[in-house]
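Geometric and topological summary
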Amino acid sequence: MPTTAPTPATFDVDRVRQDFPALRQEVYEDTPLVYLDNAATSQKPESVIDRLNRYYRSENSNVHRGVHRLSQNATDAYEEAREAVRSYINAAATEQVIFTGGTTESINLVANTYGQRLEAGDEIVITEMEHHANIVPWQMLRDTRGIRLKVVPISDDGVLDLDALNDALTDRTRLVSVVHISNALGTVNPVEDIVDLAHDRGIPVLVDGAQSVPHGPIDVQRIGADFYCFSGHKMCGPTGIGVLYGRREMLESLPPYQGGGDMIEEVTFEKTTYADLPHRLEAGTPNIADAIALGTAARYMEELDPEAVGTHEADLLAYATERVRSIDGLRVIGTAPNKASVLSMAFEDLHPYDVGTILDRLGIAVRTGHHCTQPLMQRLGLPGTLRASFAFYNTRDDADALVDALETATTMLR
Amino acid sequence: MTVAVDDRAREIVDEFALFPDWMSRYEYLIEMGDDIPPIDDEDKTDAHRIHGCQSKVWIRADYDEDRGVLMFRGDSNAKITRGLAALIIRVLNEQPPAVVQKADFDFLDEIGMREHLSSQRSNGLAAMIEQMKDRASQYA
Ligand SMILES: Cc1ncc(COP(=O)(O)O)c(C=O)c1O
């Protein structure tokens, strides 16, 4: 049996699990759900579900323009949610928190606004481990503006080559855009060091934080990035809402993204003046309900003891990693020294899809495939992986269920 | 005289009924994959590839003019997907194009494999069937 240290008692995972109704269900007859697809999306605590419900039942109205009581309440709740998110990421001011549809929209917002100042021959630096959301928007700029895309390599165990990143920076580099935590490998990139490297040469940095906010509060000021992007649905919030954080001077320097209501100060047919941040970048009726519930999610996550969460998740990863290694022909993909609780696996002789299908029948929800990182899979020479990703509400029992199911599946398939 | 599609489906349903649980049914499905009429390696090209699957699947259709029937061959690098391809080929093989076009796969429900038919499932069963019917329409 593995010898990993037991989880300290300070984190009461059984109590935390009570908050998540979706964890208590059977997916097939007599087959309880073991949810290990958290990197794709997290489950939602009761408080978030209730918040959505309450908003639609008793607070629903449009924000920022009503004189009536309901509208004022909704506006207050919406802006309080912005404050909750600000606190969760330790931004200096609420205006630096822009609500978007998610990580993808946040990155596209930057590509469409900041991107306007780029010229043919300018360069954007990304890495081999990026999600498609941090590749395709820049390729679209390449096609429309003639910029160049430079890709920093990784090692076989999934560690970013910082020397190569440094060498990739030139006089023409206009942005470094990197993932904080790789959704496919779990690698935690040293984003503070990357920001330092880039800022030394006056180059702005965008960090794709989609996979970091699910693990507890972050500090965007300490990281120092110019842009930080994430999705609500991966951190216990609803789908369809996310955040673009930006350094103030950077956000203020951006042209408007979409034009419409809410983002203006005054409109005549001759000329329009734009509203201040954050509204300038939030045209139209925003996603009020989901933003408010994201605020609830941020508060929920902030109330968990971050150290205990960190220890618990590290224990789950270490325990599961050690246990799956006993399975014949299984290889762990992504073995960086600094990893989040993402466990990607490949099989010598089995397609991850086959294994995932059997796991599903056994109630284990994992993801198989390329995880929206096709260039990374090509780099690693894999058709895809089978990925188990753990959240703070998972347990060693879940890891055991995964291992048992992997044993059953590999036996059935061989 | 070829066996009608419905009779073949019935045969498969009867075979699957011998297995008491999902696990043995899946094992049988995987075994069926070994009996798939094999496609030549040089035919594993984009032209015969079924898209929309996580795994690779190829199905080749040839029209036998003398008999007026379609001959299918296939393979996949995933065993469950290959089993599903074998299942569909077993039903549609050596059938006239008009029959292939009209075939329905309700029997998948009875053998507990219905879930694979959803177009969101990434094994591409729906895409396989669509492509086989599409080939049939070229000869109908
Ligand atoms: C690292 C990373 N970046 C970006 C995204 C895209 O997030 P969304 O689909 O919520 O916009 C994801 C989600 O899968 C991700 O894991």
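The shown structure was predicted, so the numbers you read here are calculated from the model rather than taken from an experiment.

1. Observations regarding the overall build of chain A
From N to C terminus, chain A includes 14 helices and 17 strands. Expressed along its principal axes, the backbone C-alpha trace of chain A runs to roughly 70 × 55 × 35 Å. Out of the 414 residues in chain A, the part that is buried amounts to 57%. Contacts spanning at least 24 positions in sequence make up 72% of the contacts within chain A whose residues lie at least 6 apart. Surface accessibility of chain A: about 16700 Å² in total, with carbon and sulfur atoms responsible for 47%. The averaged location of the 61 negative side-chain charges in chain A is 3 Å from the averaged location of its 36 positive side-chain charges.

2. Some remarks on the packing of helix H3 (residues 69-89) of chain A against helix H10 (residues 288-303) of chain A
Residues and elements named next belong to chain A. Two elements in contact, H3 and H10, have axes whose closest approach is 8 Å; the angle formed by their N-to-C orientations is 40°. Here H3 is positioned oblique relative to H10, judged by the angle of their axes. Considering how the two elements wind past one another, H3 and H10 form a crossing that is left-handed. Of the residues in H10, those touching H3 at Ala74, Ala77, Tyr78, Glu80, Ala81, Ala84, Val85, Ser87 and Tyr88 are Ile288, Ala291, Ile292, Leu294, Gly295, Ala298, Arg299, Met301 and Glu302. For the contact of H3 with H10, the per-class residue count stands at 13 nonpolar, two polar and three charged.

3. Considering the interface of chain A and chain B
At the interface, 16 residues of chain A touch 17 residues of chain B. For chain A, the biggest contributors to the area lost against chain B are Tyr353, Arg361 and Met412 of chain A; these three give 43% of the whole. Connecting chain A to chain B are zero salt bridges. At the junction of chain A with chain B, the criterion picks out four residue pairs in polar contact (both at pLDDT 80 or more). Elements supplying a minimum of two residues to the side of chain A that touches chain B: helix H12 (352-361), strand S16 (367-369) and helix H14 (396-413) of chain A. For the side of chain A that touches chain B, a count of residues per class yields seven nonpolar, five polar and four charged.

4. Re the sheet that holds strand S5 (residues 123-127) of chain A
Residue and element names in this part refer to chain A. With mixed pairing, the seven strands of this open sheet are ordered in space as S4-S10-S9-S8-S7-S5-S6. In this open sheet, the two strands that pair with only one neighbour each are strand S4 (97-100) and strand S6 (148-152). Taken over all neighbouring pairs, the strand axes of this sheet differ in orientation by 20° on average, direction set aside. Pairing geometry for S5 and strand S7 (residues 173-179), over three bridges, is parallel. Note on S7: the bridge partner recorded for Val125 is Val176. In the packing of helix H4 (residues 103-113) onto the sheet, contacts are made with S4, strand S8 (205-208), strand S9 (227-231) and strand S10 (242-246), and the angle to S9 comes to roughly 150°.

5. Quick look at a negative patch on the surface
A cluster of acidic side chains, namely Asp6, Asp7, Asp104, Asp106 and Asp109 of chain B, defines a negative patch on the protein surface. Assignment of secondary structure puts Asp106 of chain B in the loop between helix H4 (97-102) and helix H5 (107-110).

6. Thoughts on the packing of aromatic side chains
One pass over the full model with this rule turns up 14 aromatic pairs over all chains. Here the aromatic rings of Phe105 of chain B and Phe107 of chain B are separated by 6.2 Å at their centres, their planes lie at 45°, and the arrangement is tilted. The class for Phe105 of chain B is buried, based on a relative accessible area of 5%. Of the aromatic side chains, those joined through ring pairs into one cluster are Phe20, Tyr300, Phe392 and Tyr393 of chain A. Across from the ring centre of Tyr28 of chain A, 4.0 Å away, lies the NZ or CZ of Arg361 of chain A, which sits over that ring.

7. Details of helix H3 (residues 79-92) of chain B
Residue and element names in this part refer to chain B. With 14 residues, H3 ought to run about 20 Å at 1.5 Å a step, and its terminal C-alpha atoms sit 20 Å apart, in line with that. Buried residues dominate H3, accounting for 12 of its 14 residues. Every buried residue of H3 is accounted for by Ile80, Thr81, Arg82, Gly83, Leu84, Ala85, Ala86, Leu87, Ile88, Ile89, Val91 and Leu92. Of the residues trailing H3, Glu94 is marked for its positive phi of about 60°.

8. Overview of the nonpolar core
Ile89, Phe99, Val176 and Phe392 of chain A are the most contacted members of the largest nonpolar core, which totals 77 residues. A total of 10 residues in this core trace back to one element, the largest contributor, which is H10 of chain A. Taken domain by domain, this core gets at least three of its residues from each of domain 1 (13-32 + 305-413) and domain 2 (49-303) of chain A. Not counting chain neighbours up to four residues away, the residues in contact with Phe392 of chain A comprise Phe11, Val13, Val16, Phe20, Pro214, Cys236, Tyr300, Met301, Leu304, Val309, His312 and Glu313 of chain A. If you look at the next biggest cluster of nonpolar residues, it comprises 71 residues, including Ala320, Phe347 and Val403 of chain A together with Phe72 of chain B.

9. Here's the deal with the sheet that holds strand S17 (residues 385-389) of chain A
Residue and element names in this part refer to chain A. Strands sit in the order S13-S14-S17-S16 across an open sheet of four strands; the sheet is antiparallel. In the strand order of this sheet, the two ends are held by strand S13 (330-333) and S16, each with one partner. Taken pair by pair, the neighbouring strands of this sheet meet at an average axis angle of 30°, ignoring direction. Taken together, the three bridges between S16 and S17 define a ladder with antiparallel strand orientation. Counterpart to Thr368 in the pairing with S17 is Leu386. The sheet strands contacting helix H11 (residues 306-324) are S13 and strand S14 (342-347), and the helix crosses S14 at an angle near 10°. Set on the sheet, H12 makes contact with S14, S16 and S17; between it and S17 the angle comes to about 40°.

10. Looking at empty space enclosed by the protein
Residues and elements named next belong to chain A. Applying the stated criterion to the full structure yields one cavity of 30 Å³ or more. If you go around the largest cavity, you meet 16 residues; those closest to its centre are Asn38, Pro214, His215, Phe390 and Ala391. Residues of the lining of the largest cavity, tallied by class, amount to eight nonpolar, six polar and two charged. Residue contributions to the lining of the largest cavity reach at least three from each of two domains, namely domain 1 (13-32 + 305-413) and domain 2 (49-303).

11. With respect to the site of the ligand
Residues and elements named next belong to chain A. Taken together, the neighbourhood of the ligand is formed by Thr103, Thr104, His131, Ala133, Val179, Asn183, Asp208, Ala210, Gln211, Ser231, His233 and Lys234. The contact in question runs from an oxygen atom of the ligand to an N or O atom on the side chain of Gln211, over 2.7 Å. One of the side-chain nitrogen or oxygen atoms of Ser231 is found 2.7 Å away from an oxygen atom of the ligand. Partitioning the shell around the ligand into residue classes produces three nonpolar, seven polar and two charged.

12. Side note on the domain arrangement of chain A
All names here are of chain A. Split by domain assignment, chain A resolves into domain 1 (13-32 + 305-413) and domain 2 (49-303). Using only C-alpha atoms to locate each centre, domain 1 and domain 2 end up separated by 28 Å. The interface of domain 1 with domain 2 comprises 32 residues on the first partner and 28 residues on the second. Around 2200 Å² of area is buried between domain 1 and domain 2 when both sides are counted, 59% of it from carbon and sulfur atoms. The largest contributions to the domain 1 side of the interface with domain 2 come from Cys372, Leu376 and Arg379, which together make up 24% of the buried area. At the junction of domain 1 and domain 2, the tally comes to 14 residue pairs in polar contact (both at pLDDT 80 or more). Secondary structure elements with two or more residues in the side of domain 1 that touches domain 2: H11, S14 and helix H13 (374-380). Per element, the largest residue contribution to the side of domain 1 that touches domain 2 is six residues, and it comes from H13.

The rules we used
- Residues numbered from 1 in each chain as written.
- Chains lettered and ligands numbered in written order.
- Predicted model: local features only at pLDDT ≥ 70, side-chain atom pairs only at ≥ 80, totals over all residues.
- Heavy atoms only, no water.
- Helix = DSSP H or I, 4+ residues; strand = E, 2+ residues; numbered from the N terminus.
- Buried < 20%, exposed > 50% of the residue type's maximum accessible area, 1.4 Å probe, protein only.
- Contact = heavy atoms within 4.5 Å.
- Areas by Shrake-Rupley, 256 points an atom, 1.4 Å probe, with all protein chains shown as cover.
- Lys, Arg positive; Asp, Glu negative; His and termini not counted.
- Charge placed at Lys NZ, Arg CZ, Asp CG, Glu CD.
- Axes fitted to C-alpha atoms, helices over the stretch in contact; angles between N-to-C directions.
- Parallel < 35°, antiparallel > 145°, perpendicular 65-115°, else oblique.
- Left-handed = near helix turned anticlockwise from the far one by under 90°.
- Nonpolar A, V, L, I, M, F, W, Y, C, P; charged D, E, K, R; others polar.
- Buried area = accessible area lost by both parts, 1.4 Å probe.
- Salt bridge = Lys/Arg side-chain N within 4 Å of Asp/Glu carboxyl O.
- Polar contact = N/O pair within 3.5 Å; in protein donor to acceptor, adjacent residues only side chain to side chain.
- Pairing = 2+ DSSP bridges.
- Patch = residues over 30% accessible without salt bridge, like charges linked within 9 Å, V, L, I, M, F, W, Y side chains within 5 Å.
- Phe/Tyr/Trp six-rings, centres within 6.5 Å; stacked < 30°, edge-to-face > 60°.
- Lys NZ or Arg CZ within 6 Å of the ring centre and 35° of its normal.
- Expected span 1.5 Å × (residues − 1).
- Core = buried A, V, L, I, M, F, W, Y, C linked by side-chain atoms within 4.5 Å.
- Domains from an automatic or database assignment.
- 1 Å grid on protein atoms, 1.4 Å probe; cavity = no way out; pocket = protein on both sides within 12 Å on 5 of 7 lines; lining within 4 Å.
- Points joined across faces, edges and corners; volume = space filled by probe spheres on them.
- Near = heavy atom within 4 Å.

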